[in-house]
Structure formats: C-alpha cells, structure tokens
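Notes for the structure review
Here's the letter readout for the chains.
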Amino acid sequence: MDHQEQNYYYQPQNLQNAGAAFATVSMILGLGCMFSFLTVYLPLVFGSLSIIFAILSKGYGKKLLISAKIGLCTAIGCIGLIIVIMGTFITLFLSSSRSDMIRLGQQMDQQLEDQFGISPDEILGQSYEDIMEDFADSLGKPVSPY
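Quick look at the structure, then. (Residues numbered from 1 in each chain as written. Predicted model: local features only at pLDDT ≥ 70, side-chain atom pairs only at ≥ 80, totals over all residues. Heavy atoms only, no water.)

To continue, consider the environment of D121. When you line up the elements, D121 lands in helix α5 (residues 120-124). Residue class for D121 comes out partly exposed when judged on its relative accessible area of 43%. The spacing of D121 and D109 is 12 residues in sequence and 8.8 Å in space, taken between C-alpha atoms. Not counting residues up to four positions away in its chain, the partners in contact with D121 are Q126 and S127. (Helix = DSSP H or I, 4+ residues; strand = E, 2+ residues; numbered from the N terminus. Buried < 20%, exposed > 50% of the residue type's maximum accessible area, 1.4 Å probe, protein only. Contact = heavy atoms within 4.5 Å.)

On to the packing of helix α1 (residues 20-35) against helix α2 (residues 41-58). Viewed as axis vectors pointing N to C, α1 and α2 meet at an angle of 160 degrees, and their least axial separation amounts to 8 Å. When the interaxial angle is binned, α1 and α2 end up roughly antiparallel. Read as a crossing pair, α1 and α2 show a hand that is left-handed. Of the residues in α2, those in contact with F22, A23, V25, S26, L29, G30, G32 and C33 of α1 are P43, F46, G47, L49, S50, F53, A54, L56 and S57. Residues that form the contact of α1 with α2 fall into these classes: 11 nonpolar, 6 polar and no charged. (Axes fitted to C-alpha atoms, helices over the stretch in contact; angles between N-to-C directions. Parallel < 35°, antiparallel > 145°, perpendicular 65-115°, else oblique. Left-handed = near helix turned anticlockwise from the far one by under 90°. Nonpolar A, V, L, I, M, F, W, Y, C, P; charged D, E, K, R; others polar.)

Now for the pattern of salt bridges. All chains considered together, the criterion is met by 3 salt bridges. Here R98 makes a salt bridge to E133, at a shortest N to O gap of 3.8 Å. In this pair, R98 sits in helix α4 (residues 98-116) while E133 sits in helix α6 (residues 128-139), placing the two residues 35 residues apart along the sequence. Between D137 and R98 there is a salt bridge, with the nearest N and O atoms lying 2.5 Å from each other. Of this pair, D137 sits in helix α6 while R98 sits in helix α4, and the two are 39 residues apart along the sequence. Judged by its relative accessible area of 43%, D137 is partly exposed. By relative accessible area, R98 is classed as buried at 9%. Several salt bridges converge on common partners, so that one network encompasses R98, E133 and D137. (Salt bridge = Lys/Arg side-chain N within 4 Å of Asp/Glu carboxyl O.)

Below you can see the structure in the form of structure tokens.
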C-alpha cells in the first residue's frame, strides 16, 4: 500500500464527560460561594452561577457529576443561609424600639468620629443619630416617655 493511497480520516475524540468542564466550574463557584460567605453579595453571584453551571453540565438525560453536585449543594446551602441571616438582621432591626435605633445611630456617630477625627455632620451633612431618628419616625415608632 502506497503512502498516498492510505485513507486518513478524523477519528472523533472520546466524549464520555462532555459536561465535566461545566461541573468543575460549578464546583469552584460553589466553593467560592462558601469561602466568600461574609461578603453577602459575592456568594449570591457565585451561588447563582454555580447552580446554572451545574444544570448546564447535566446535558440531556445524564446524571449530575459529583463535582456538579458539590457545587450545587454548597451554592444552595450558602444562599439559603445568607437569606436566613439577612432576614434575621432585618427582623431584629425593624422590631427594635425607637430608643435602641437612636442609640445605634449615636454609636455609629461616635465610631466615625473616632475613626476619621471628623464629626459625621461634616462628612455626611447629617448625623447617623438624626438619620435613625427620621427612620424611626417613618416607621411610626412611638417616642418613649423616658
């Protein structure tokens, strides 16, 4: 057989795990969601992207790879935990009394003044105490007689 007469044709590559790249990206983003948990916003971005990539890695009628399952579980867990924590903080803040809200504003004013050496009135044009008092008024918190 002559060298020119040989049939050279392309043999397809083995595509056993076509979604492996998406599954790996899902796992990396899921772990990124877990490690950036205290930043609040990054885990929401990382987690939602991780869920999307885990779903994309599945393809049609196939099972999820282990790395996609890890990314999916960590993303759902972190997003759920962030929602619970944010809901708890919002509930605690909105259920606090008017005097607690004003006291929080005073503490924030003091912290800004200690940190920057300038009163918050000079920085913001209004103190946090006044901001919190206006916020308490808008929520209809009663003025305490003390």
